[in-house]
Amino acid sequence: MNDPQRPTAARRPRGAPLDHAPEGVAYARRQAGLTQQELGAALGLTRQRIWDIEAGRRNASPELLERMAARLDCPLVVLQAKPTEDEKPRRSEPPKAPEGAARAP
């Protein structure tokens, strides 16, 4: 049953981008030599929650990612989501000269 006194976290809309890279979390956990159960216990989470994060079914908040990086002794960037093609900053092109303007030699 839902506890009315317990604040509920805002849910990530279905299909919204994750804050973490699921494969990065699994890779870092394996490199640290931990099971999902051991990582969950170290972070105060269940093995199921770690499984869901690694499967991309649940989001790992930025705060949780920082705690994971510290426990796994890995750079935070390994766990963070990588920008998609439309999120990547585009290199700005040099401004075009107006038509009829003289070009510098």
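Just so we're clear, the structure is a prediction, and the values are computed from it rather than from any experiment.

Chemist: Sorry, what's going on with the overall build of the protein chain here?
Modeler: A count of helices and strands for the protein chain gives five helices and zero strands. Written out in order from the N terminus, the α and β elements of the protein chain read α-α-α-α-α. A separation threshold of at least 6 residues defines the contact pool for the protein chain, and within that pool the share at least 24 residues apart is 61%.

Chemist: Whenever I open this one, helix α4 (residues 62-72) confuses me. Can you help?
Modeler: One full turn of an α-helix is made of 3.6 residues, so residues set three or four places apart face in the same direction. For α4, the full list of buried residues reads Leu-64, Leu-65, Met-68, Ala-69 and Leu-72. Down the axis of α4, the smallest arc covering the buried residues is 140 degrees, so these residues share one side. Seen from the buried face of α4, the exposed residues on the opposite side, beyond 90 degrees, are Glu-63, Glu-66 and Ala-70. Next to the buried residues of α4 lie α1 (22-31), α2 (36-43), α3 (47-55) and α5 (76-79).

Chemist: Would you mind going over the nonpolar core with me for this structure?
Modeler: Across soluble globular proteins, nonpolar side chains show a tendency to be buried alongside one another. Judged by nonpolar contacts, the single largest core of 15 residues is most densely connected at Met-68, Leu-72 and Leu-79. For this core, the secondary-structure elements that each account for two or more residues are α1, α2, α3 and α4. Top element by residues in this core is α4. It accounts for five residues. Ignoring sequence-local partners within four residues, the contact set of Leu-72 consists of Ala-28, Arg-29, Ala-32, Leu-34, Leu-39 and Leu-79.

So, how was this worked out
Residues numbered from 1 in each chain as written. Predicted model: local features only at pLDDT ≥ 70, side-chain atom pairs only at ≥ 80, totals over all residues. Heavy atoms only, no water. Helix = DSSP H or I, 4+ residues; strand = E, 2+ residues; numbered from the N terminus. Contact = heavy atoms within 4.5 Å. Buried < 20%, exposed > 50% of the residue type's maximum accessible area, 1.4 Å probe, protein only. Arc of directions from axis to C-beta. Core = buried A, V, L, I, M, F, W, Y, C linked by side-chain atoms within 4.5 Å.

Honestly, that's just the spatial picture; any functional story needs more than this.
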